[in-house]
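Secondary and tertiary structure notes
What follows is each chain in one-letter form.
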Amino acid sequence: MSSDSSSTTSGDESTDPNPNRSSTSKPLEDQFASVALAEPSNEVPEIQESLNGVTNGSVTENNYREIESEGNEREGTVGGGVEERIGSNLEVEVRGSVAWRRTISEVEVEAPSSPSSSGYAGERGSSNASASSGVSGMIDGIVDDEIQEISNVDFDSQASWVPGKRHVNEDDASISWRKRKKHFFVLSNSGKPIYSRYGDEHKLAGFSATLQAIISFVENGGDRVKLVRAGKHQVVFLVKGPIYLVCISCTEEPYESLRGQLELIYGQMLLILTKSVNRCFEKNSKFDMTPLLGGTDAVFSSLIHSFSWNPATFLHAYTCLPLAYATRQAAGAILQDVADSGVLFAILMCKHKVVSLVGAQKASLHPDDMLLLANFVMSSESFRTSESFSPICLPRYNPMAFLYAYVHYLDVDTYLMLLTTSSDAFYHLKDCRIRIEMVLLKSNVLSEVQRSMLDGGMHVEDLPTDPLPRSGSLSPHLGQPRDSPEGFKESFIGIGGPAGLWHFIYRSIFLDQYVSSEFSPPINSARQQKRLYRAYQKLYASMHDRGIGPHKTQFRRDENYVLLCWVTQDFELYAAFDPLADKALAIKTCNRVCQWVKDVENEIFLLGASPFSW
């Protein structure tokens with residue numbers, strides 16, 4: 001095991017798992033014998049010690065392109081002759097028209113650093129030969145006013161964090177503003193600021209104009225800028241028609257993760273306005289979009305905060321509240337009755353976790369849309385005070401049109417969302433809600449939801465050493481035996497679960513759902529949880545990197561964790577262990593985690609949900 005220190009191993013071994021989840025599917029223990037994570041007989045297994053591009057504890061840069069070619073890509077949007085309502089008192093008329101956008105090849109741009117004015121003097125940047133001195137000069141301007149890293153930042157935990165705009169008095173001349181570790185900007189193609197995570201948008205007009213100039217300069221050359229590196233900082237650009245989104249970060253998150261976060265911010269904007277807002281820019285290139293987003297600072301700040309704790313933001317999957325199978329079926333039955341009466345989607349959620357979800361026939365709901373919709377509801381205080389009927393757009397369902405959402409909180413954490421295409425369906429949905437609420441109360445679903453919230457989900461300390469019995473009396477909580485709660489626990493030394501297991505995330509590819517174990521010592525502070533979340537982000541990005549992958553297995557060891565990832569056609573497993581954990585025991589433990597999830601899947605997954613077509 002001496003070779004494991006600061007090492008990463010990955011493998012591309014072929015697997016033939018059965019994607020079906022029926023009761024007659026091939027047992028997992030039989031599958032384990034034919035995949036990379038099979039338990040060894042005598043010696044420590046090797047998950048293919050060398051992998052192209054993955055060595056020595058990290059994934060090599062492999063010189064991936066910051067600005068990659070997209071060929072002759074075309075994007076078109078067709079607008080109908082309907083009147084789209086934006087916000088509560090603003091209407092935008094959309095006439096039938098077609099707008100086409102054509103992009104051509106993109107070039108690589110990497111910014112030189114500015115040692116004379118930056119906080120990391122002596123670091124050297126590079127510039128591609130295809131980047132002109134004009135772009136370099138503009139980028140130097142950003143680096144001169146560098147957004148430096150804060151040395152002592154108190155991370156606000158999810159419990160104490162309050163949504164809303166922060167540090168509104170700051171601007172790009174403020175030292176405190178430059179020290180923020182992660183900025184998000186939204187601006188128009190004319191350089192008008194639309195949203196900024198920190199500071200007053202109007203005071204950042206000059207900075208927004210600089211960002212717009214960089215994007216326009218590269219586009220005028222027939223290319224598109226995607227990423228600029230400046231020392232520790234990454235400047236990530238995302239162009240969505242007339243709307244530009246920019247992230248400036250020194251958090252060492254992968255480029256793919258930061259770009260995905262910009263995509264979600266854009267999706268949140270579409271959920272409020274729809275893509276029809278582009279028509280306003282076609283009529284007036286200097287259109288000011290800021291008033292349309294008035295009062296939504298809490299929505300965007302809540303979404304950005306979720307980038308530090310919610311795995312759904314990079315897994316593209318949703319998680320369910322652990323419930324007994326019969327309880328979830330009772331909730332699903334009444335929601336199905338409502339869906340049959342003309343409701344497009346009926347969703348019962350507790351905070352960010354799904355209790356039950358039913359859609360109309362042939363209607364699919366993307367997990368990202370569920371994330372954005374739940375964030376919109378939970379971060380808007382008006383939804384909590386009374387029943388609401390609001391126009392919303394689901395970007396992955398139809399970015400050009402509004403649906404109408406009836407939202408009602410059944411208790412402090414549990415809320416019901418009924419989505420329809422009719423703007424006159426308020427009273428019908430109100431009647432549906434009354435029926436649903438009566439059934440949920442009579443069947444004790446709401447009390448079971450509250451009990452589950454108190455009990456929590458899967459705990460690594462409860463990981464059984466042997467497969468759970470297929471028959472017998474089981475407790476209501478995740479299949480633990482009633483008579484012998486310690487019967488399946490393994491005696492081990494240290495903190496966490498068996499073999500030093502600290503945490504895991506299991507994602508079902510077929511269901512587009514994931515389950516995450518509860519945090520327990522030593523990962524019990526908000527800062528430690530955020531650090532683990534970032535480690536998972538990097539592991540996910542490296543496993544799905546098309547330049548050097550995708551891969552099937554990966555084993556990493558550093559000073560903080562042992563990270564093990566296993567990807568098959570059925571699932572993805574990400575596990576974190578004590579940094580001194582033994583590789584063979586870690587692999588064995590991952591096998592047991594997969595078997596445990598299989599045994600309690602009726603309680604942790606919504607098995608009746610149709611797979612999403614996306």
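Criteria and cut-off values
- Residues numbered from 1 in each chain as written.
- Predicted model: local features only at pLDDT ≥ 70, side-chain atom pairs only at ≥ 80, totals over all residues.
- Heavy atoms only, no water.
- Helix = DSSP H or I, 4+ residues; strand = E, 2+ residues; numbered from the N terminus.
- Buried < 20%, exposed > 50% of the residue type's maximum accessible area, 1.4 Å probe, protein only.
- Contact = heavy atoms within 4.5 Å.
- Areas by Shrake-Rupley, 256 points an atom, 1.4 Å probe, with all protein chains shown as cover.
- Expected span 1.5 Å × (residues − 1).
- Salt bridge = Lys/Arg side-chain N within 4 Å of Asp/Glu carboxyl O.
- pLDDT = per-residue confidence, 0-100.
- Axes fitted to C-alpha atoms, helices over the stretch in contact; angles between N-to-C directions.
- Parallel < 35°, antiparallel > 145°, perpendicular 65-115°, else oblique.
- Left-handed = near helix turned anticlockwise from the far one by under 90°.
- Nonpolar A, V, L, I, M, F, W, Y, C, P; charged D, E, K, R; others polar.
- Pairing = 2+ DSSP bridges.
- Polar contact = N/O pair within 3.5 Å; in protein donor to acceptor, adjacent residues only side chain to side chain.
- Phe/Tyr/Trp six-rings, centres within 6.5 Å; stacked < 30°, edge-to-face > 60°.
- Core = buried A, V, L, I, M, F, W, Y, C linked by side-chain atoms within 4.5 Å.

We now examine the overall build of the protein chain. Looking only at helices and strands, the protein chain has 16 helices and 23 strands in total. Per-residue burial for the protein chain yields a buried fraction of 52% across its 614 residues. Long-range contacts, defined as pairs at least 24 residues apart, comprise 69% of the intrachain contacts of the protein chain with a sequence gap of at least 6. When the accessible surface of the protein chain is totalled, it reaches about 26600 Å², and 49% of it is carbon and sulfur.

Compared with an ideal rise of 1.5 Å per residue, which puts 18 residues at 26 Å, helix α14 (residues 526-543) spans 26 Å between its outermost C-alpha atoms and is within 8% of the ideal. All of the buried residues in α14 are Ala-526, Leu-532, Tyr-533, Arg-534, Ala-535, Tyr-536, Gln-537, Leu-539, Tyr-540, Ala-541, Ser-542 and Met-543.

By the definition in use, this model includes 16 salt bridges. With a closest N to O distance of 3.3 Å, Arg-279 and Glu-282 form a salt bridge. Residue Arg-279 and its partner Glu-282 are both found in helix α6 (residues 278-283); the two are separated by three residues, about one turn of the helix. In this structure Arg-279 comes out as buried when scored by relative accessible area, which is 5%. The salt bridge involving Glu-448 is made with Arg-451; its shortest N-O contact spans 3.3 Å. Taken together, the residues span about one helical turn, with Glu-448 and Arg-451 both in helix α13 (residues 445-455) at a distance of three residues. Put simply, Glu-387, Lys-430, Arg-433 and Glu-437 are held in one network by salt bridges that share partners.

Before going further, it helps to examine the confidence of the model for the protein chain. When pLDDT drops low, the exact placement of atoms in the prediction is not to be read closely. Here the protein chain shows a mean pLDDT of 76. Residues at 70 or above account for 67%. Of the regions scoring below 50 in pLDDT, residues 1-6 engages in ten contacts with residues more than four places distant in sequence or in other chains.

In this section: unusual backbone geometry. In this structure, the amide linkage connecting Pro-521 to the following residue, Pro-522, adopts the cis form with an omega of 10 degrees. Within the element layout of this structure, Pro-522 appears in the loop between β20 (513-516) and α14. Despite not being glycine, His-316 has its phi angle at roughly 55 degrees, a positive value.

Packing of helix α7 (residues 297-306) against helix α10 (residues 367-379) leaves a shortest axis separation of 9 Å and a crossing angle of 125 degrees. Regarding the angle of α7 to α10, the classification is oblique. By crossing handedness, the relation of α7 to α10 is classed as right-handed. Between α7 and α10, the residues in contact are Ala-298, Val-299, Ser-302 and Leu-303 and Leu-372, Asn-375, Phe-376 and Ser-379, respectively. Tallied by class, residues from the contact of α7 with α10 come to five nonpolar, three polar and no charged.

It is worth spelling out the sheet that holds strand β12 (residues 243-249) at this point. What links the strands of a sheet is backbone hydrogen bonding, and the strands pair in either a parallel or an antiparallel sense. Strand order in the open sheet formed by five strands is β9-β8-β12-β11-β10, with antiparallel pairing between adjacent strands. Looking at the sheet topology across the chains shown, the edges are occupied by β9 (193-196) and β10 (227-230). Ignoring strand direction, the axes of neighbouring strands in this sheet form an average angle of 15 degrees. Sheet topology places strand β11 (residues 233-240) next to β12; seven bridges connect them, and they run antiparallel. Across the sheet, Gln-234 pairs through a bridge with Ser-249, a residue of β12. Contacting β8 (182-188), β10, β11 and β12, helix α5 (residues 255-273) crosses the sheet at an angle of about 40 degrees to β11.

Judged by its relative accessible area of 22%, Arg-451 is partly exposed. A polar atom in the side chain of Arg-451 sits 2.4 Å from the side chain of Asp-455.

Let us look at the packing of aromatic side chains. Within this structure, the stated rule accounts for 22 aromatic pairs. Between Phe-314 and Tyr-540, the ring centres sit 5.4 Å apart and the planes meet at 65 degrees, which makes this aromatic pair edge-to-face. One end of the pair, Phe-314, is in helix α8 (residues 312-315); the other, Tyr-540, is in helix α14, with 226 residues separating them in the sequence. The exposure class assigned to Phe-314 is buried, which follows from its relative accessible area of 6%.

As a further point, take the environment of Ile-392. Tracing the backbone shows Ile-392 in strand β16 (residues 388-392). Residue classification places Ile-392 among the buried residues on the basis of a relative accessible area of 1%. Along the sequence, Ile-392 and Leu-270 sit 122 residues apart, while their C-alpha atoms lie 8.6 Å from each other. In contact with Ile-392, not counting residues within four places along its chain, are Leu-271, Leu-373, Phe-376, Ala-401, Phe-402, Leu-403, Ala-405 and Leu-419.

It is worth spelling out the sheet that holds β16 at this point. Strand order in this open sheet of five strands is β15-β14-β18-β17-β16, and the pairing throughout is antiparallel. Each edge of the open sheet is held by one strand with a lone partner, namely β15 (353-359) and β16. Shown here is a sheet whose adjacent strand axes are inclined to one another by a mean of 20 degrees, direction ignored. In terms of strand pairing, β16 meets strand β17 (residues 403-409) through five bridges, oriented antiparallel.

For the rest of this paragraph, the subject is α10. Here α10 is 13 residues long and its end C-alpha atoms lie 18 Å apart, about the 18 Å a rise of 1.5 Å per residue gives. Across the 13 residues of α10, twelve count as buried, placing the element largely inside the fold. Listed in full, the buried residues belonging to α10 are Pro-367, Asp-368, Asp-369, Met-370, Leu-371, Leu-372, Leu-373, Ala-374, Asn-375, Phe-376, Val-377 and Ser-379.

Below, the discussion takes up the nonpolar core. In terms of nonpolar packing, the biggest core is built from 81 residues, with Ile-243, Ile-265, Met-289, Ile-392, Met-417 and Leu-419 touching the most fellow members. Per-element accounting of this core gives the leading share, eleven residues, to α5. In contact with Met-417, not counting residues within four places along its chain, are Phe-345, Ala-346, Ile-347, Met-349, Leu-373, Val-377, Tyr-406 and Val-407. In this structure, Ala-581, Ile-587, Trp-596 and Phe-605 belong to the second largest nonpolar core, which totals 27 residues.

Of all seven residues that make up strand β23 (residues 571-577), seven are buried, and the element is covered over most of its length. Residues Phe-571, Leu-573, Ala-575 and Phe-577 point to one face of β23 and Glu-572, Tyr-574 and Ala-576 to the other, with burial holding for every one of them. With seven bridges joining them, strand β19 (residues 501-508) and β23 adopt antiparallel strand pairing. What sits directly across from Ser-508, in β23, is Phe-571. Sheet analysis places strand β22 (residues 562-567) next to β23, joined by six bridges and oriented antiparallel. In the sheet register, Val-567 faces β23, and the bridge partner there is Glu-572. If you look at the hairpin formed by β22 and β23, you'll find three residues sitting between the two strands.

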